[in-house]
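Understanding the architecture of this molecule
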Amino acid sequence: MLCEKCGKKEATFYYKENVNGVEKSYTLCSDCAAEMQKNGVISGTSMGADPFGQLQKLFSEDKLFGSLFNTGLKQPEARETPKCPLCGSTFAVLAKNGKVGCPGCYEVFEAELIPSIRRIHGRSTHTGKTPARFREQNERKQKIAAMEKELKDSIASENYERAAELRDQLRNLRGNDAQ
Amino acid sequence: MKTTNWYTIQGNENDVVVSTRVRLARNLQKYPFAPHMTEGQAAEICALAREVYPEADGWEYTDFGGLTTAERRSYAEKHLVSREFAESQYKGGLLSKNSVHIMVLEEDHLRLQSIYPGFALEEAYRDVSSADELLDSRAEIAYNEKFGYLTHCPTNLGTGMRASVMLFLPACSKAHLIRGFEEQLGKIGLTIRGMTGEGSRAEGRLFQISNQITLGVTEEETIHKLSGIVEQIVKQERELRGILCKGKRDENLVRNQVRRAYGTLMYATLLQTEEMVHLYEEIRLGASLGMIENLNPVRVDEMLFSCMPNTLAASEECKTPEERDEVRAKKAREILTRE
């Protein structure tokens with residue numbers, strides 16, 4: 001998880017305070033924590049001797065994670081979003097629970113979720129294993145792109161016979177895609 | 001391999017590594033997550049999971065709705081399910097085959113995990129990945145190209161994979177290295193947490209190292225990184241154990257503690273969980289260093305996992321905590337002295 005203040009370094013401190021019923025929490029790297037402590041924004045004693053343990057708690061407690069959706073730091077204004085068509089959740093519900101309602105929520109509320117996701121993982125794009133149906137799609141996309149390039153080259157070099165072959169093959173491939 | 005007793009089997013690097021687990025969080029595209037799910041949808045997910053992993057192919061299904069609280073918690077004590085799953089109000093079930101255990105209706109629709117004794121990250125990932133392929137071939141898994149596998153909690157997005165290794169680190173702990181490990185591991189997206197002691201990692205000797213980041217890294221990168229770190233820590237622990245027992249005087253100090261702990265286990269009439277865990281940590285070191293004749297670390301692990309409170313309550317005739325302490329003392333002794 002990245003520091004919510006500088007957004008660059010790994011957060012190792014979690015600080016929470018409750019003043020007259022008003023709760024504030026910060027997830028910070030050691031430098032920003034030291035700076036905020038120096039400026040008197042957060043107190044030294046509450047940092048605790050066990051900051052990492054507190055950060056662990058952050059991951060396990062829904063409410064705390066929910067608060068991450070609401071930090072207001074560089075997050076886009078919540079749009080007048082419709083309810084998720086599958087589960088009926090609104091972004092306000094997601095922010096309260098700290099968890100999404102269904103797989104479809106990630107598409108509906110993508111813009112609102114991205115800043116929090118980036119803060120947790122330090123990045124926001126998946127690399128790694130994919131389900132078979134996406135592997136096949138990706139392979140087809142790559143094949144189409146390669147053939148389109150070859151078609152362009154064939155036309156440029158006036159190899160119309162090859163271009164016709166490629167055009168027919170592409171039509172077939174795109175036909176499969178449309179299905 | 002019998003599915004429920006991984007801790008009775010000798011694993012790699014067993015003097016330091018107790019177990020290895022890899023889990024994948026998977027959800028079905030067309031269903032909402034638990035709080036938004038109807039009973040009918042929950043039943044459909046259970047039915048689908050049992051179709052994907054049928055009994056005819058060797059999968060055993062345990063309906064968690066039909067278990068007592070102690071029985072459910074016993075599965076968590078053996079690390080076969082999460083604590084959250086054992087306590088969950090959504091009574092799903094557990095599908096098991098060899099090293100793979102699949103929680104149906106945990107926080108995510110399915111949580112696939114593989115557990116091995118000792119150090120076996122590649123084997124555990126291989127097994128759980130192959131169970132995942134089976135699911136992929138028979139159901140539509142929730143996935144999008146940006147966020148990867150879609151999970152109830154955004155902390156699991158991406159690969160949905162959590163790989164963890166349980167380590168026995170008495171010497172590193174004694175040398176106060178754990179806090180330093182915490183800081184260093186945090187910088188590379190890994191985390192270490194104590195498994196024993198009242199929330200105090202500095203006092204315990206059993207730790208779990210796992211990955212925190214699941215988005216933007218591949219499964220192989222995570223396994224590779226965790227593997228490299230575990231290898232380094234294992235090496236360091238062994239070196240420090242050597243230093244701990246360097247010279248007759250130091251060796252005798254360690255041997256004295258180990259054999260006193262063993263003596264207590266041999267003659268105790270009543271044994272509480274907390275004391276058993278403390279004695280476990282003493283004699284596991286002794287067993288790893290060959291200080292107790294005919295006792296290896298696996299047998300000591302078997303004692304620990306077989307004598308946890310809910311496991312005893314679920315399997316033995318003991319109604320009160322006092323009866324349980326008596327049964328625990330007897331069972332621990334039986335396991336340690338078994339031929």
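Residues numbered from 1 in each chain as written. Chains lettered and ligands numbered in written order. Predicted model: local features only at pLDDT ≥ 70, side-chain atom pairs only at ≥ 80, totals over all residues. Heavy atoms only, no water.

**Considerations on the domain arrangement of chain B**
All names here are of chain B. Structurally, chain B comprises domain 1 (6–239) and domain 2 (248–337). The C-alpha-based centres of domain 1 and domain 2 are spaced at 27 Å. Every contact between the two is made by 24 residues of domain 1 and, on the other side, 20 residues of domain 2. Buried surface at the junction of domain 1 and domain 2, both sides included, amounts to about 1,800 Å², of which 61% is carbon and sulfur. At the junction of domain 1 with domain 2, the criterion picks out one salt bridge. The residue Arg-205 makes a salt bridge to Glu-282 at a minimum N-O spacing of 3.6 Å. Our count for the domain 1 to domain 2 interface comes out at seven residue pairs in polar contact (both at pLDDT 80 or more). Of all the secondary structure elements, the ones that give two or more residues to the side of domain 1 that touches domain 2 are strand S1 (17–26), helix H2 (69–77) and strand S8 (161–168). The element that contributes the greatest number of residues to the side of domain 1 that touches domain 2 is H2, accounting for five residues. Looking at side-chain class alone, the side of domain 1 that touches domain 2 contains 11 nonpolar, seven polar and six charged residues. (Domains from an automatic or database assignment. Contact = heavy atoms within 4.5 Å. Buried area = accessible area lost by both parts, 1.4 Å probe. Salt bridge = Lys/Arg side-chain N within 4 Å of Asp/Glu carboxyl O. Polar contact = N/O pair within 3.5 Å; in protein donor to acceptor, adjacent residues only side chain to side chain. Helix = DSSP H or I, 4+ residues; strand = E, 2+ residues; numbered from the N terminus. Nonpolar A, V, L, I, M, F, W, Y, C, P; charged D, E, K, R; others polar.)

**Remarks on the packing of helix H10 (residues 297–306) of chain B against helix H12 (residues 321–337) of chain B**
Residue and element names in this part refer to chain B. Where H10 meets H12, the closest approach of the two axes is 9 Å, and the angle between their N-to-C directions is 160°. Of the possible angle classes, the one that applies to H10 and H12 is roughly antiparallel. The hand of the H10/H12 crossing is right-handed. Here Arg-299, Val-300, Glu-302, Met-303 and Ser-306 of H10 lie close against H12, whose contacting residues are Lys-331, Ala-332, Ile-335 and Leu-336. The residue makeup of the contact of H10 with H12, split by class, is five nonpolar, one polar and three charged. (Axes fitted to C-alpha atoms, helices over the stretch in contact; angles between N-to-C directions. Parallel < 35°, antiparallel > 145°, perpendicular 65-115°, else oblique. Left-handed = near helix turned anticlockwise from the far one by under 90°.)

**Quick notes on H12 of chain B**
Residues and elements named next belong to chain B. Compared with an ideal rise of 1.5 Å per residue, which puts 17 residues at 24 Å, H12 spans 24 Å between its outermost C-alpha atoms and is within 8% of the ideal. Listed in full, the buried residues belonging to H12 are Asp-325, Arg-328, Ala-329, Ala-332, Ile-335 and Leu-336. What you see down the axis of H12 is that its buried residues fit within an arc of 140°, all on one side. For H12, the secondary structure elements touched by its buried residues are helix H8 (248–267), helix H9 (273–288), H10 and helix H11 (309–315). (Expected span 1.5 Å × (residues − 1). Buried < 20%, exposed > 50% of the residue type's maximum accessible area, 1.4 Å probe, protein only. Arc of directions from axis to C-beta.)

**Digging into the pattern of salt bridges**
Under the criterion given, the structure shown has 29 salt bridges over all chains. Here Lys-99 of chain A and Glu-107 of chain B are joined by a salt bridge, their closest N and O atoms 2.7 Å apart. One end of the pair, Lys-99 of chain A, is in the loop between helix H4 (91–97) and helix H5 (105–108); the other, Glu-107 of chain B, is in the loop between strand S4 (100–104) and strand S5 (110–117), on a second chain. Salt bridges linked by common partners bring Lys-99 of chain A together with Glu-106, Glu-107, Asp-108 and Arg-111 of chain B together as one network.

**Things to note about the confidence of the model for chain B**
As a note on interpretation, predicted positions should not be read in detail where pLDDT is low. For chain B, per-residue confidence averages 92 on the pLDDT scale, and 96% of positions sit at 70 or higher. For this predicted complex, the interface confidence comes out at an ipTM of 0.83, alongside a pTM of 0.78. (pLDDT = per-residue confidence, 0-100.)

**Thoughts on the pairing of S4 of chain B**
Looking down a regular strand, the side chains alternate between one sheet face and the other. Residue and element names in this part refer to chain B. Judged by how many residues are buried, S4 sits mostly within the fold: five of five residues are covered. Residues of S4 alternate between two faces, with Val-100, Ile-102 and Val-104 on one and His-101 and Met-103 on the opposite face, all of them buried. Between the antiparallel neighbours strand S3 (residues 93–97) and S4 lie two residues, among them Asn-98 with a positive phi of about 50°. Bridge count for S4 against S5 is five bridges, and the pairing is antiparallel. Looking at the pairing, Ile-102 lines up with Leu-112 of S5. (Pairing = 2+ DSSP bridges.)

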